[in-house]
Amino acid sequence: MYLTQEEESVLEGEQGPTLQKAMEIITALGEIYGADSLVPVTSTQIAGVSYKTIGDAGLEWISDLDGEVVVPSILNPAGMDLERWQEMGIDASFAAKQLEIIKAYRRLGIRCECTCTPYHIDKTLASFGDHLAWSESSAVSYANSVIGARTNREGGPSALAAALIGKTANYGYHLDENRVPVITVQVECKLKGADYGALGYLAGASIGSDVPIFKLISQPSKTNLKALGAAMAASGAVALYHIHGVTPEADQYESPDNTLIIERSEIDDIFKQVCENGPDLVALGCPHYSIEELERLSRLLDGKTLNKEVWVCTSRAIKRSNPDVIRNIEANGVKVFTDTCMVVSPATERFNCTLTDSGKALKYIPNLCGVRTQLAHMHDCLKGGDVD
Amino acid sequence: MLIKVLKGRPISHGSGEGRALISTQPISFLGSIDPFNGMIIESGHELEGECITDRVLIFPFGIGSTVGSYVMYQLKKNTTAPVAIINRSTEPIVAVGAIISDIPLVDSTKPDVFKNINTGDRVRVNGTTGIVEIL
């Protein structure tokens, strides 16, 4: 791999041990994946934030680093709402550890707005053609597929290394040849709302880590694309997808002959997987709700009586800038939490069954929290366990 | 004394020497290894009950959660880490974990590590040059 003189000097340790380690991580990954050089990144998004996932091991590593990020860098969700953690039922020892992790990241100059949807709160973090080093699988999928930026799915340490160096190794989805679709996914029924999460849940399990191109008859919104990509990145490892007539890079490609056909009945079956005694928590906002989704939730809540806990997760920035919408949602008994999500928070574990509108949560909550989960459209989630 | 030499790809710098411990199965550092004593605790793993501390740990590649990288760091801080690692074909979890933990790591040796080293052999690994010596 070609390194400039300056990159070589960092690797030799001339700018201190933290940058040396960061450069070692980037060049080692470059070696493993056959990169030819490093490429500057516009921004980084760093996973490995929840104390539930990284534990004391991760906290120790982050605390030992000494440096400052050189490109805009933002964190993935933490294990709790950083202010209202008590309302989530988080215990004080977990909260203390979680706040230590945030403090350690802040010391490195990282923006501690913990969100899986950085593209909702700052459009300058990712534009068409930008190279990025993002971690969170749904954000990676959205950046690559919907925005047309270029990022591999980074681990926590490699995203942090890229933040400190301002560059990443040029391989994988940074290169044109790896962005070409190899499988066509054909869906001949109309889709709405949580159908996209169900579709992603099904497609991801079949596709694995390949790049698909979809032929749809419905025209998905940005919200639908977010849900589709998030689910495919959870049930599979899809980091980039295209949709004919929708996503920005799709129309330069032909549809490969290798075709996966997904039928209405298969999508409907995903909604029929229900818990015996019904859900006791409705979990919305995976990935974090946008303002459009919160406004829709607010309208749907008017005149409804809720018979169970309803939690919705969003970013603190969205919550702050839309106080009226949030007030109306909370006035209807829904709790709006920020900085966290139901997948990485231990708060989910005390429930028996969650109802969600997210294909990603449907995949991850049972595995990571040991809680049964069923899928429904947003309006059905508010009705309770009865799914149309 | 005849010293046999394997040449691999240097991944994590530094050098280490110790007795080889070989697993033909992949290893997940998260959940399979106790960071406090270096014991392999995964039920049914071929190395279950073995201790990796100060060994040259040889396995095909890492699997499991990316948190495994941090567990390797914790092993190092607890002085329970292996002295070096040789993989057949390394992947980012173990590679990143070895780098942040100062554990020398070499992969893709020629000739193949599994055909030339046995558990208990004394091995020196240089993660800067990629040279593995069987002493």
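Parameters at a glance
Residues numbered from 1 in each chain as written. Chains lettered and ligands numbered in written order. Predicted model: local features only at pLDDT ≥ 70, side-chain atom pairs only at ≥ 80, totals over all residues. Heavy atoms only, no water. Phe/Tyr/Trp six-rings, centres within 6.5 Å; stacked < 30°, edge-to-face > 60°. Helix = DSSP H or I, 4+ residues; strand = E, 2+ residues; numbered from the N terminus. Buried < 20%, exposed > 50% of the residue type's maximum accessible area, 1.4 Å probe, protein only. Axes fitted to C-alpha atoms, helices over the stretch in contact; angles between N-to-C directions. Parallel < 35°, antiparallel > 145°, perpendicular 65-115°, else oblique. Contact = heavy atoms within 4.5 Å. Nonpolar A, V, L, I, M, F, W, Y, C, P; charged D, E, K, R; others polar. Pairing = 2+ DSSP bridges. Domains from an automatic or database assignment. Buried area = accessible area lost by both parts, 1.4 Å probe. Salt bridge = Lys/Arg side-chain N within 4 Å of Asp/Glu carboxyl O. Polar contact = N/O pair within 3.5 Å; in protein donor to acceptor, adjacent residues only side chain to side chain. Disulfide = S-S within 2.5 Å.

Visitor: Give me the packing of aromatic side chains: which residues, what numbers.
Guide: Residues and elements named next belong to chain A. Counted under the stated rule, the structure contains eight aromatic pairs over all chains. Between Trp311 and Phe351, the ring centres sit 5.5 Å apart and the planes meet at 85 degrees, which makes this aromatic pair edge-to-face. One end of the pair, Trp311, is in strand β11 (residues 309-314); the other, Phe351, is in the loop between β12 (335-338) and β13 (353-356), and 40 residues separate them in sequence. Summarising the burial analysis for this pair, Trp311 and Phe351 share the class buried. Ring-pair connections join several aromatic residues into one group, and the members of that group are Trp311, Phe337 and Phe351.

Visitor: Pulling in residues and values, what's your account of the packing of helix α9 (residues 222-235) of chain A against helix α14 (residues 359-369) of chain A?
Guide: Residue and element names in this part refer to chain A. One way to put it is that α9 packs onto α14 with a least axis distance of 7 Å and a crossing angle of 30 degrees. Between α9 and α14, the interaxial angle falls into the category roughly parallel. Where α9 approaches α14, its residues Ala230, Ala231, Ala233, Ala234 and Ser235 are matched on the opposing element by Gly359, Lys360, Lys363 and Tyr364. Within the contact of α9 with α14, the residues separate by chemical class into five nonpolar, two polar and two charged.

Visitor: So what about the pairing of strand β4 (residues 84-87) of chain B? Which residues, and what values?
Guide: All names here are of chain B. On β4, burial covers both faces: Ala84 and Ile86 on one face and Ile85 and Asn87 on the other are all buried. Looking at chain direction, strand β3 (residues 56-59) and β4 are connected through four bridges and run parallel. In the strand pairing of β4, Leu57 is matched with Ile85. Where β4 and strand β5 (residues 105-110) come together, three bridges link them in parallel fashion. If you follow Ile85 over to β5, its bridge partner there is Leu105.

Visitor: Tell me about the domain arrangement of chain A, and name the residues and values.
Guide: Often the size quoted for an interface is simply the accessible area lost on bringing the parts together. Residues and elements named next belong to chain A. The domain architecture assigned to chain A consists of domain 1 (5-176), domain 2 (180-270) and domain 3 (273-384). If you average the C-alpha positions of domain 2 and of domain 3, the two centres end up 24 Å apart. The partner domain 3 presents 16 residues to the 16 residues of domain 2 that form the contact. Buried surface at the junction of domain 2 and domain 3, both sides included, amounts to about 1,300 Å², of which 60% is carbon and sulfur. Its largest share of buried area at the contact with domain 3, domain 2 owes to Tyr201, Lys226 and Ile270, together 37% of the area lost on that side. Our count for the domain 2 to domain 3 interface comes out at one salt bridge.

Visitor: Lay out the interface of chain A and chain B in plain terms, naming residues and giving numbers.
Guide: Each partner contributes residues to the interface: chain A has 20 residues there, and chain B has 17 residues. Linking chain A with chain B are three salt bridges, by the criterion used here. Note that B:Lys77 is salt-bridged to A:Asp64, the shortest N-O span being 2.7 Å. Inspection of the region where chain A meets chain B yields five residue pairs in polar contact (both at pLDDT 80 or more). Those elements giving two or more residues to the side of chain A that touches chain B turn out to be α2 (17-33), α3 (51-64) and α7 (156-165) of chain A.

Visitor: I'd like a rundown of the state of the cysteines, residues and numbers included.
Guide: Residue and element names in this part refer to chain A. Applying the stated rule across the entire model yields one disulfide over all chains. The residue that forms a disulfide with Cys275 is Cys353, at a sulfur-sulfur distance of 1.9 Å. Between Cys275 and Cys353 the disulfide shows an S-S torsion of about 60 degrees. By sign, it is right-handed. Here Cys275, found in the loop between α10 (264-271) and β10 (281-289), pairs with Cys353, found in strand β13; they are 78 residues apart in sequence, far enough to count as distant. The thiol of Cys112 is not disulfide-bonded; the next cysteine sulfur, from Cys114, is found 6.1 Å away. By relative accessible area, Cys112 is classed as buried at 13%.

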